[in-house]
Amino acid sequence: MSHGYAIEVEHLEKRFGHFTAVDKISFNVPSGSIFGLLGANGAGKSTTIRMLCGLLPPSGGSARVAGVEVNTNPEGVKRSIGYMSQEFSLYNDLTVDENIRFFGGVYGLSNGTLRERREWILSMSGLGERHNSLTSELSGGMKQRLALGCAVIHSPQLVFLDEPTGGVDPVSRREFWRLINQFAAEGTTVLVTTHYLDEAEYCNSIVFMHAGEIVASGSPAYIKKEYRKGEFSEVICDRPLEAVALLKQDSQVVDVSLFGTRVHLHGNVSADLIRAKLERAGIRVDSVQAIQPGLEDVFIGLIEQTRESRPGGGALQGAQSE
Ligand SMILES: Nc1ncnc2c1ncn2[C@@H]1O[C@H](COP(=O)(O)OP(=O)(O)O)[C@@H](O)[C@H]1O
Ligand SMILES: [Mg+2]
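Residues numbered from 1 in each chain as written. Chains lettered and ligands numbered in written order. Predicted model: local features only at pLDDT ≥ 70, side-chain atom pairs only at ≥ 80, totals over all residues. Heavy atoms only, no water.

## Side note on the domain arrangement of the chain
Each domain of the chain was delimited in the assignment, giving domain 1 (2-225) and domain 2 (229-292). Measuring from the centre of the C-alpha atoms in domain 1 to the corresponding centre in domain 2 gives 38 Å. (Domains from an automatic or database assignment.)

In structure tokens:
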């Protein structure tokens, strides 16, 4: 691996017919780090990850994964990595044990190693007592941890996780991130995609994709500092949806978005003015205060900017909108 990078991506591109799903993206992933690929549905995350795993040939550009060229040696890449697909790729009609044995077979583990890894997977996933259960009977969080175990059964130095936390409850999500941290602490490089913007904070560095392009990259702290411009206020009131619509009309407002039931306003508008405007419309205002924008504020702003020049993009999931 050159320069301490586990993954090096240069002008990587994927076209489907006339449609460009991934548009000449470049980034490097330091060895042993947690690297997040963020973006709304349709941003190009899965297409990128599938190219990096040697599963989908790029239309242009290049990538080295664990020192192996994906263009010329996709099979070599597949052997050096673990990959958990968005669909979890478990066999629902097999038991937990049967799934573990199946994946052990795929990677050609010896019986001794398989026994060891089975113990590790069952304890890591908390499925010890469920080892005879049908996979279809497990909860979303359990399936997700089993899928992770099966994806890394061969102890790869590099794992790709495509939306591993999609559709699971918040507690399981947090628990899952604890596992990801554990991998990184043991020296494994983790590339993970998510459309939950709040999960960016768990990553050492991230790229934020929109419509096939990278619109922001760096550490969470860097992105907040670099891409944040202007002032942000948080409004708590009794009719947040109406408040958003009303505040959007103000010419000083850059954008207004809903974070759960809280309204975030980006723009140079005083607290008194916001309060007066809402109260005039009969909305009860509990509080208006200046806030430091989080990554979600930054990303939503970046998307609004690109939307002005170009339509497109899917739904983004904020921290509160489970
Ligand atoms: N095999 C394919 N053929 C045509 N279009 C595709 C194919 N795979 C993905 N796309 C399109 O590429 C875009 C990016 O998809 P994807 O990489 O799955 O996004 P994400 O994982 O960020 O949700 C989407 O508009 C999707 O419809
Ligand atoms: Mg995807």
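Picking up after the structure, the text goes on.
## Considering the state of the cysteines
A full pass over the atoms with the stated rule returns zero disulfides. Unpaired in this structure, cysteine 53 has its nearest cysteine sulfur neighbour in cysteine 150, at a distance of 16 Å. Cysteine 53 gets classed as buried once you look at its relative accessible area, which sits at 1%. By relative accessible area, cysteine 150 is classed as buried at 1%. (Disulfide = S-S within 2.5 Å. Buried < 20%, exposed > 50% of the residue type's maximum accessible area, 1.4 Å probe, protein only.)

## Looking at the coordination of the magnesium ion (ligand 2)
On the protein side, the magnesium ion (ligand 2) has Ser46 (OG) and Gln86 (OE1) as donor atoms, found 2.1 to 2.4 Å from it. Within this pair, whereas serine 46 is found in helix 1 (residues 45-52), its partner glutamine 86 is found in the loop between strand 6 (81-84) and helix 3 (96-106), the two being separated by 40 residues in sequence. (Donors = N, O, S within 2.8 Å, 3.2 Å for Na, K, Ca; no water. Helix = DSSP H or I, 4+ residues; strand = E, 2+ residues; numbered from the N terminus.)

## Here's the deal with the side chain of glutamate 199
Secondary-structure assignment places glutamate 199 in the loop between strand 8 (189-194) and strand 9 (205-210). One polar contact links glutamate 199 to threonine 194, side chain to side chain, over a distance of 2.7 Å. The contact partners of glutamate 199, leaving out residues within four places of it in the chain, are Thr165, Arg173, Trp177 and Thr194. (Polar contact = N/O pair within 3.5 Å; in protein donor to acceptor, adjacent residues only side chain to side chain. Contact = heavy atoms within 4.5 Å.)

## Examining the pattern of salt bridges
Going through the model one piece at a time under the given rule, you end up with 19 salt bridges. Across the pair lysine 45 and glutamate 163 runs a salt bridge, and its minimum N-O distance is 3.4 Å. In this pair, lysine 45 sits in helix 1 while glutamate 163 sits in the loop between strand 7 (158-162) and helix 6 (170-185), placing the two residues 118 residues apart along the sequence. A relative accessible area of 5% means that glutamate 163 is categorised as buried. The network of salt bridges with common partners includes Glu8, Glu10, Arg64 and Glu69. (Salt bridge = Lys/Arg side-chain N within 4 Å of Asp/Glu carboxyl O.)

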